[in-house]
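# Structural characterization, general
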Amino acid sequence: MAVIDDFINALTDNTELRQSIQAATTAAQAVEIAAKAGFIVTESELLRVFKTK
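A short tour of the structure in this document, coming up.

Scoring rules and cut-offs
Every chain begins its residue count from 1, and numbering advances along the sequence as written. Only residues with pLDDT of at least 70 are given local features in this predicted model, and only at 80 or more are side-chain atom pairs given and counted; all residues enter the totals for whole chains, interfaces and linings. The side-chain numbers reported here are obtained from all heavy atoms of the structure, hydrogens and water having been left aside. For the exposure calls, accessible area comes from a 1.4 Å probe over protein chains only, and a residue counts as buried if that area is under 20% of its type's maximum, exposed if over 50%, partly exposed in between. Counting from the N terminus, the helices are DSSP H or I runs at least four residues long and the strands are E runs at least two residues long. What the arc measures is the spread of directions leading from the helix axis to the C-beta atoms. When checking whether two residues touch, look at their non-hydrogen atoms; a contact exists if any pair is within 4.5 Å. Geometry is summarised by axes, namely lines fitted to C-alpha atoms with helices restricted to the contacting stretch, and by angles between N-to-C directions that run from 0 to 180 degrees. What sets the label is the angle itself: under 35 degrees gives roughly parallel, over 145 gives roughly antiparallel, 65 to 115 gives roughly perpendicular, and the rest give oblique. Classes in brief: Ala, Val, Leu, Ile, Met, Phe, Trp, Tyr, Cys and Pro nonpolar; Asp, Glu, Lys and Arg charged; the others, Gly included, polar.

Considered for burial, the residues of helix H1 (residues 3–13) that qualify are Ile4, Phe7, Ile8, Ala10 and Leu11. For H1, the angular spread of the buried residues around the axis is 155°, confining them to a single face. Seen from the buried face of H1, the exposed residues on the opposite side, beyond 90 degrees, are Thr12 and Asp13. Looking at the buried residues of H1, the elements they touch are helix H2 (15–23), helix H3 (27–36) and helix H4 (43–52).

Right, dumping it as structure tokens:
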């Protein structure tokens, strides 16, 4: 499974992480939050995933 998929699954299970991502105002901030949680993803991966959700 790709890291981005693991990250999306973590958002389902981790309320604090989900709230932090929802509060992010830029993709760069979301990438930083993800990295602090142990998920190394790119802005383009996040944008692609969240456009389809």
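Moving on, we get to the packing of H1 against H2. In the contact formed by H1 and H2, the axes pass within 6 Å of each other and the chain directions differ by 110°. Judged on the interaxial angle alone, H2 and H1 are roughly perpendicular. Counted together, Phe7, Ala10, Leu11, Thr12 and Asp13 of H1 and Thr15, Leu17, Arg18 and Ile21 of H2 form the full contact between these two elements. For the contact of H1 with H2, the residue count by class is 5 nonpolar, 2 polar and 2 charged.

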